[in-house]
Amino acid sequence: MDTVVTDPETLVGIDALLREVARIGALPLNRAETLPPGAYTSAAFFQREVAGAFRPGWMCVAHVSQLPSRGDFRSVDWLGELMVIVNDGQRIRALSRVCRHRWAPVCTGHGNAAAFVCPFHKWSYALDGRLIGAPLMEEALDFDRDTCALPEYRAEVVDGFVFVNLDGNAPPLAPAIAEMSAALANYQLDRLVVGSVLEYDCRFNWKIMVETFMECYHHIGPHADTFEPDFPAKLSYVEDSREAWTCGFGVGRPESVPEAFDVGLPRFPLVNQQECEAFGLYLVYPCHLLATFPDRVVWFHVEPIAPDRTRLRSYQMLQPETKQLPDFAKIMAIQDKTFDVINLEDIDVNVMQQIGAKSGMVKSGRLSHLEKAIWQLNQFVARAVAAR
Ligand code: FES
Ligand SMILES: [Fe+2]
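Protein-derived coordination of the iron ion (ligand 2) comes from His 218 (NE2), His 223 (NE2), Asp 346 (OD) and Asp 346 (OD), at a distance range of 2.1 to 2.3 Å. The site at the iron ion (ligand 2) holds 4 donor atoms, and with the angles between them running 58 to 139°, its shape is irregular. Between the donor residues of the iron ion (ligand 2), the gaps in sequence give the motif H-x4-H-x122-D. Of this pair, His 223 sits in the loop between helix H7 (206-214) and strand E12 (237-238) while Asp 346 sits in helix H8 (residues 328-357), and the two are 123 residues apart along the sequence.

In structure tokens:
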């Protein structure tokens, strides 16, 4: 039987796809369309995004509360880079965790270490990456240990979140999102701790996840019984995008808030009236996502893996004192269940979108004004892939 070719990029080719993305990236909001389906399915297009958005951008890999003490480390494998994010006692570093001998990983998972000792031939590295031990190498002529440190990725900690820039050439992140830092000041992001985490291996493109996170239009669909009653789609809005970030708000019905937010967790002491009447949705391009609530911040750690595969970890970030509450475990169990239901409401339809994008009949769709953040993301993606 003949193979049926339905991958849109295979049908149209990468050059035509890029032209279409450029056209859509230039549309005004009231004419906005989705990117073409090939932008969600094509391996060649994904590689353009890797080269134009992920490697040159800032990708969030951890929060400082995950690495509070000297020696705390977390392994991060992403886009072919094997990293270890480590607290060396002075600062947070992002090191390559590929051994300089014959490329075995010097650590896995997360934990606390005095040094990294490669399991293969026991070369050992200090927390700052210096090679400090290499057994049985006496006969290797001109073996220079100083040239065998674990290479370091560029890393920046902004508001408690650890970002890495893989190509080393990104402009500094803190000034690029300073206005967002100010807007989020009341949440004191750098002192939050992880309350719980939910993980999902998602069979769809990273943009589908970002788009769904940033628009409330779909509250009337998958969230008809969860978000829509208290946070109706039509009350939501998105601000004008800044170069490095954007934000939107899911506004509560006046008769619903503040009760709709009350899950038994204490509010942030500094949150203002407006922050108690709406939840905030923040995107640092390309895919760092935060949802703000009066009592917690939900961090969506998004890892694009392939055109049709994205890893999501959704973290409930809480005030540290919250963990002392006598009924903390009970509150979080309810919260995790609630958020899992909501996440799966999205993921179930997102999976079908990805399958739909491969249909030979599918074309770009028109967007609502409530999907302004998708229009903004389109412009970011169009710029990123054109730059390569
Ligand atoms: S590969 Fe690490 S010591 Fe040989
Ligand atoms: Fe949703």
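Taking strand neighbours across the sheet as the criterion, the 3 strands line up as E6-E7-E8 in an open arrangement whose pairing is antiparallel. Two strands lie at the open edges of the sheet, namely strand E6 (116-117) and strand E8 (131-133), each paired on one side alone. As paired elements, strand E7 (residues 124-125) and E8 share 2 bridges and run antiparallel to each other. Bridged to Tyr 125 within E8 is Leu 131.

Our next topic: the pairing of strand E16 (residues 297-306). Within E16, 8 of the 10 residues are buried, leaving the element largely enclosed by the surrounding structure. In this structure, strand E15 (residues 288-292) lies alongside E16, joined through 5 bridges in antiparallel fashion. Bridge pairing links Leu 290 to Trp 299 in E16. Where E15 folds back on E16, the antiparallel hairpin that results is connected by 4 residues. For E16 and strand E17 (residues 309-318), the ladder comprises 9 bridges, and the chain directions are antiparallel. Residue His 301 lies in a different strand from E17, and its bridge partner there is Arg 313. Hairpin connection of E16 to E17: 2 residues between the antiparallel strands.

The next subject is empty space enclosed by the protein. Empty space among the atoms becomes apparent when a probe as large as a water molecule is rolled across them. Tallied over the full model, the rule gives 5 cavities of 30 Å³ or more. Considering only enclosed or pocket space, the largest cavity measures out at about 280 Å³ in volume. Lining the largest cavity we find 23 residues, and of these Phe 213, Phe 227, Phe 300, Asn 343 and Asp 346 sit closest to its centre. Where the lining of the largest cavity is concerned, the elements lending two or more residues are H7, strand E14 (278-284), E16 and H8. For the lining of the largest cavity, the leading source of residues is H8, giving 6 residues. Residues of the lining of the largest cavity, tallied by class, amount to 15 nonpolar, 6 polar and 2 charged.

Turning next to the pattern of salt bridges. For the structure shown, the criterion picks out 19 salt bridges. For Asp 240, the salt bridge identified is with Lys 372, shortest N-O distance 2.8 Å. With Asp 240 in the loop between E12 and strand E13 (245-251) and Lys 372 in helix H9 (residues 372-386), the pair connects residues that are 132 residues apart, well separated along the chain. Taking the relative accessible area as the measure of exposure, Asp 240 reaches 56% and is therefore exposed.

Spatially, the 7 strands line up as an open sheet ordered E1-E10-E9-E4-E3-E2-E5, and their pairing is antiparallel. The open sheet terminates on both sides in strands that have one partner only, identified here as strand E1 (59-63) and strand E5 (110-112). Averaged over neighbouring strand pairs, the angle between their axes works out to 30° when direction is ignored. Bridge analysis of strand E2 (residues 72-78) against strand E3 (residues 81-87) gives 6 bridges, and the strand direction is antiparallel.

Moving on to the environment of Asp 15. Checked against the element boundaries, Asp 15 lands in helix H2 (residues 14-25). Classification of Asp 15 by relative accessible area gives partly exposed; the value is 49%. Separated by 181 residues in the primary sequence, Asp 15 and Ser 196 place their C-alpha atoms 44 Å from one another.

Time to look at H9. Between its first and last C-alpha atoms H9 spans 21 Å; for 15 residues at 1.5 Å apiece the expected length is 21 Å, and the two agree. In terms of burial, H9 is largely enclosed, as 12 of its 15 residues are buried. Listing the buried residues of H9 in full gives Lys 372, Ala 373, Ile 374, Trp 375, Gln 376, Leu 377, Asn 378, Phe 380, Val 381, Ala 382, Ala 384 and Val 385. Buried residues belonging to H9 abut H2, helix H4 (43-54), H7, E12, E13 and E14.

Basis of the calculations
- Residues numbered from 1 in each chain as written.
- Chains lettered and ligands numbered in written order.
- Predicted model: local features only at pLDDT ≥ 70, side-chain atom pairs only at ≥ 80, totals over all residues.
- Heavy atoms only, no water.
- Donors = N, O, S within 2.8 Å, 3.2 Å for Na, K, Ca; no water.
- Tetrahedral: all angles 85-135°; square planar, octahedral: opposite > 155°, others 65-115°.
- Helix = DSSP H or I, 4+ residues; strand = E, 2+ residues; numbered from the N terminus.
- Pairing = 2+ DSSP bridges.
- Buried < 20%, exposed > 50% of the residue type's maximum accessible area, 1.4 Å probe, protein only.
- 1 Å grid on protein atoms, 1.4 Å probe; cavity = no way out; pocket = protein on both sides within 12 Å on 5 of 7 lines; lining within 4 Å.
- Points joined across faces, edges and corners; volume = space filled by probe spheres on them.
- Nonpolar A, V, L, I, M, F, W, Y, C, P; charged D, E, K, R; others polar.
- Salt bridge = Lys/Arg side-chain N within 4 Å of Asp/Glu carboxyl O.
- Axes fitted to C-alpha atoms, helices over the stretch in contact; angles between N-to-C directions.
- Expected span 1.5 Å × (residues − 1).
- Contact = heavy atoms within 4.5 Å.

These results come straight from atomic positions and should not be treated as a statement about function.
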